[in-house]
Amino acid sequence: MSSETITIFDTTLRDGEQSPGCSMTTEEKLEVAKALVELGVDVIEAGFPIASPGDFEAVRKIAERFGDQTVICGLARCREEDITRAGEALKGAANRRIHVFLATSAIHREHKLKMTKDEIIARAVQGVEQAKDYTDNIEFSPEDAARTELDFLCEVTEKAIAAGATTVNIPDTVGYSTPTHFYNVIRHLKENVPNIDQAVISTHCHNDLGLAVANSLAAVEAGARQIECTINGLGERAGNASLEEVVMALRTRKDHYGIDTKINTQKLFPTSRLVSRITGMTVQRNKAIVGQNAFAHEAGIHQHGMLQNRSTYEIMRPEDVGYVGQNLVLGKHSGRHAFRDRVQHLGFQLDEDMIQRVFEEFIALADKKKDVYDSDIVALIESHIGESKEQWSLERFHTLAGTDVLPTATVEMRREGSDEVIRDAATGDGPIDAVFKALERVIGLEAKLTDYQVRSVSSGKDALGEVNVQIEVDGEKYHGKGVNTDIVAASAAAYLKALNRAAANSESENG
Ligand code: KIV
Ligand code: ZN
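Quick summary incoming for the structure in this document. Everything numeric in this text was worked out from a predicted model, so none of it was measured.

**Re the coordination of the zinc ion (ligand 2)**
Within the first shell, the zinc ion (ligand 2) binds the protein through Asp15 (OD), His204 (NE2) and His206 (NE2), at distances of 2.0 to 2.1 Å. Read in sequence order, the donor residues coordinating the zinc ion (ligand 2) give the pattern D-x188-H-x1-H. With aspartate 15 in the loop between strand 2 (7–10) and helix 1 (26–39) and histidine 206 in the loop between strand 8 (200–205) and helix 8 (212–222), this residue pair connects regions lying 191 residues apart in the sequence. Overall, the relative accessible area of 2% leaves aspartate 15 in the buried class. You can call histidine 206 buried: its relative accessible area is 4%.

**A word on the site of ligand 1**
In the vicinity of ligand 1, the residues found are Arg14, Asp15, His99, Phe101, Ser141, Glu143, Asn169, Pro171, Thr173, His204 and His206. Between ligand 1 and the protein, one listed contact pairs an oxygen atom with a side-chain N or O atom of threonine 173 at 2.6 Å. Here histidine 204 contributes a side-chain N or O atom positioned 3.1 Å from an oxygen atom of ligand 1. A total of 260 Å² of accessible area belongs to ligand 1 in isolation, and the protein chains cover 95% of it. The residue inventory of the shell around ligand 1, partitioned by class, reads two nonpolar, six polar and three charged.

**Brief notes about the pairing of strand 6 (residues 138–143)**
In terms of burial, strand 6 is largely enclosed, as six of its six residues are buried. Sheet topology places strand 5 (residues 96–103) next to strand 6; six bridges connect them, and they run parallel. Bridging from a neighbouring strand, histidine 99 pairs with glutamate 139 of strand 6. Where strand 6 and strand 7 (residues 167–172) come together, two bridges link them in parallel fashion.

**Quick notes on the environment of lysine 369**
Structurally, lysine 369 can be placed in the loop between helix 14 (352–368) and strand 12 (372–373). Judged by relative accessible area, which is 2%, lysine 369 ranks as buried. Contact partners of lysine 369, with chain neighbours within four places excluded, come to Asp376, Ser458, Asp462, Ala463 and Leu464.

**Describing the packing of aromatic side chains**
Summed over all chains, the structure comprises eight aromatic pairs. Measuring from ring centre to ring centre gives 5.0 Å for phenylalanine 339 and phenylalanine 362, while their planes differ by 25°; the resulting arrangement is stacked. Here phenylalanine 339, found in helix 13 (residues 336–345), pairs with phenylalanine 362, found in helix 14; they are 23 residues apart in sequence, far enough to count as distant. Judged by relative accessible area, phenylalanine 339 falls into the buried class, the value being 0%. A relative accessible area of 0% means that phenylalanine 362 is categorised as buried. Geometrically, the ring pair formed by phenylalanine 359 and phenylalanine 362 is tilted, given 6.1 Å between the ring centres and 35° between the ring planes. One end of the pair, phenylalanine 359, and the other, phenylalanine 362, are both in helix 14, three residues apart, so they sit about a helical turn from each other. Feature note: the residues Phe269, Phe295 and Tyr323 constitute an aromatic cluster, connected by ring pairs. The residue whose ring lies beneath arginine 85 is phenylalanine 56, and the NZ or CZ to ring-centre distance is 3.9 Å.

**A closer look at the sheet that holds strand 16 (residues 448–456)**
Read across the open sheet, the three strands follow the order 16-17-18; overall the sheet is antiparallel. The outermost strands of the open sheet, each flanked by one partner alone, are strand 16 and strand 18 (476–484). The average angle at which neighbouring strand axes cross in this sheet is 15°, direction not considered. By the bridge criterion, eight bridges tie strand 16 to strand 17 (residues 465–473) in an arrangement that is antiparallel. By the bridge assignment, aspartate 451 is partnered in strand 17 with glutamine 470. This element, helix 11 (residues 268–279), spans strand 16, strand 17 and strand 18 of the sheet and lies at about 120° to strand 18.

**With respect to the pattern of salt bridges**
The tally for this structure, following the rule as stated, stands at 42 salt bridges. Two residues, glutamate 314 and arginine 310, come together in a salt bridge whose shortest N-O distance is 3.0 Å.

**Points about the nonpolar core**
Side chains of nonpolar character tend, in soluble globular proteins, to be buried together. Ile44, Ile72, Val100, Phe140 and Leu243 are the most contacted members of the largest nonpolar core, which totals 112 residues. Contacts of phenylalanine 140, omitting those with residues within four sequence positions, involve Cys78, Val100, Leu102, Ala124, Val128, Val156, Ala160, Ala165, Thr167, Val168 and Asn169. Listed in part, the 30 residues of the second largest apolar core include Ala426, Val442, Tyr495 and Leu499.

**Focus: the sheet that holds strand 8**
Overall, parallel pairing links the eight strands, which are arranged 2-3-4-5-6-7-8-9 in a closed barrel. In this sheet, adjacent strand axes meet at a mean angle of 25° when their direction is disregarded. Here helix 4 (residues 106–113) sits on the sheet and contacts strand 5 and strand 6; the angle it forms with strand 5, its principal contact strand, is near 80°.

The rules behind the values
- Residues numbered from 1 in each chain as written.
- Chains lettered and ligands numbered in written order.
- Predicted model: local features only at pLDDT ≥ 70, side-chain atom pairs only at ≥ 80, totals over all residues.
- Heavy atoms only, no water.
- Donors = N, O, S within 2.8 Å, 3.2 Å for Na, K, Ca; no water.
- Helix = DSSP H or I, 4+ residues; strand = E, 2+ residues; numbered from the N terminus.
- Buried < 20%, exposed > 50% of the residue type's maximum accessible area, 1.4 Å probe, protein only.
- Near = heavy atom within 4 Å.
- Polar contact = N/O pair within 3.5 Å; in protein donor to acceptor, adjacent residues only side chain to side chain.
- Areas by Shrake-Rupley, 256 points an atom, 1.4 Å probe, with all protein chains shown as cover.
- Nonpolar A, V, L, I, M, F, W, Y, C, P; charged D, E, K, R; others polar.
- Pairing = 2+ DSSP bridges.
- Contact = heavy atoms within 4.5 Å.
- Phe/Tyr/Trp six-rings, centres within 6.5 Å; stacked < 30°, edge-to-face > 60°.
- Lys NZ or Arg CZ within 6 Å of the ring centre and 35° of its normal.
- Axes fitted to C-alpha atoms, helices over the stretch in contact; angles between N-to-C directions.
- Salt bridge = Lys/Arg side-chain N within 4 Å of Asp/Glu carboxyl O.
- Core = buried A, V, L, I, M, F, W, Y, C linked by side-chain atoms within 4.5 Å.

Structure representation (structure tokens):
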């Protein structure tokens, strides 16, 4: 069957970063951008340059570093200063796009913008024309398009294309649409906008009703040829359409859609892990494509079928998405070479020092735990990534807990560059709370715990526990992750990571 290729526009670094608690540093954004380039996305929306100097800097650096490998896009309202800022930030990219947006629905016109339809059209045209000073690759979004009167939507779209927009993106900003409604909106535009063939129609669906992927795919059936999406479905409120889901739906049901993407699907799982580690947003266990259970077959009848023929219960092969599962990998007698090979096979490039550290932890783990799985190794490696910047390390801790005792923790810590061991103790509601308080006392920060999650990395009573925490210090959110077979130790490591991030931030703010 003949097929067309669709544009995958990733907005993890812009809309995804707008998820509460998901903000990333510039270094982290660069790491995600590199992964997105390797994943093969066609466009990276790197940020909203006018939003803050940090956003501007991140877009500028991503444009410089990756703008010769893929299209780098910056968001701007239809305002002169926004567009100038986006144009400046994108200068270093050989391939760049400016994405201008302006709300068009009656609700937004009346209550937010207080503008008439004519004023909206004039402002949209002006925005697109100004963006032409910086690039010919211009995207225009009528924000809240899914709730905009169809006639007016056609009019704005036509004028934006006539002014120079090469992509018209139709956002379901509040996740209100249904697949049939969204199909009809795209179809209507295709049939009623006279110059529609001069632009690519794009979708940008939010997931408030859990329909973002379904709506995006309905739009593709109606003729959209760009999908805006994010890794792990991150984004404002309930998020955006998940990149891994739309890509695998198009690939698995190519018989139905007849559409290809340029995505290297084997990178989907590692990219999802990376974004989850950096943002601290854990991926729900049963999430399609990249959840821990996405390829786990529990029921006996399913396992029996799988043994006869995988296609009985498997529509995608785990290896096609780079899934790291419960493969039994190595034992404590495995040597360093076998370990290094496995690490490389899992997609990590670690220096010798790091290999040695993780190998030692692996041997210690193999001593405690009967079976060590790929997922254990990934968890051990991920717990080390980015830690070189940490100011405080935990030498040891001790807790006292149980019925009829006051939960108490003692910690011994060291500050980077100093040999002095600082000791302190605290009491709490339980041993974990006591450790958190003792860590705060030594570092001298008071934090509010806003999220705490624990999960087992593999199965069995001896499984590694992974703890994710999110804290708030002076109104800013920080996250941290720790793994250990002992969940108090995993919690301490996670909390310390988050406190270290907060300490580094307050130090850089104070010069
Ligand atoms: O959801 C939305 O409407 C947006 C626009 C900026 C495209 O994110
Ligand atoms: Zn959005």
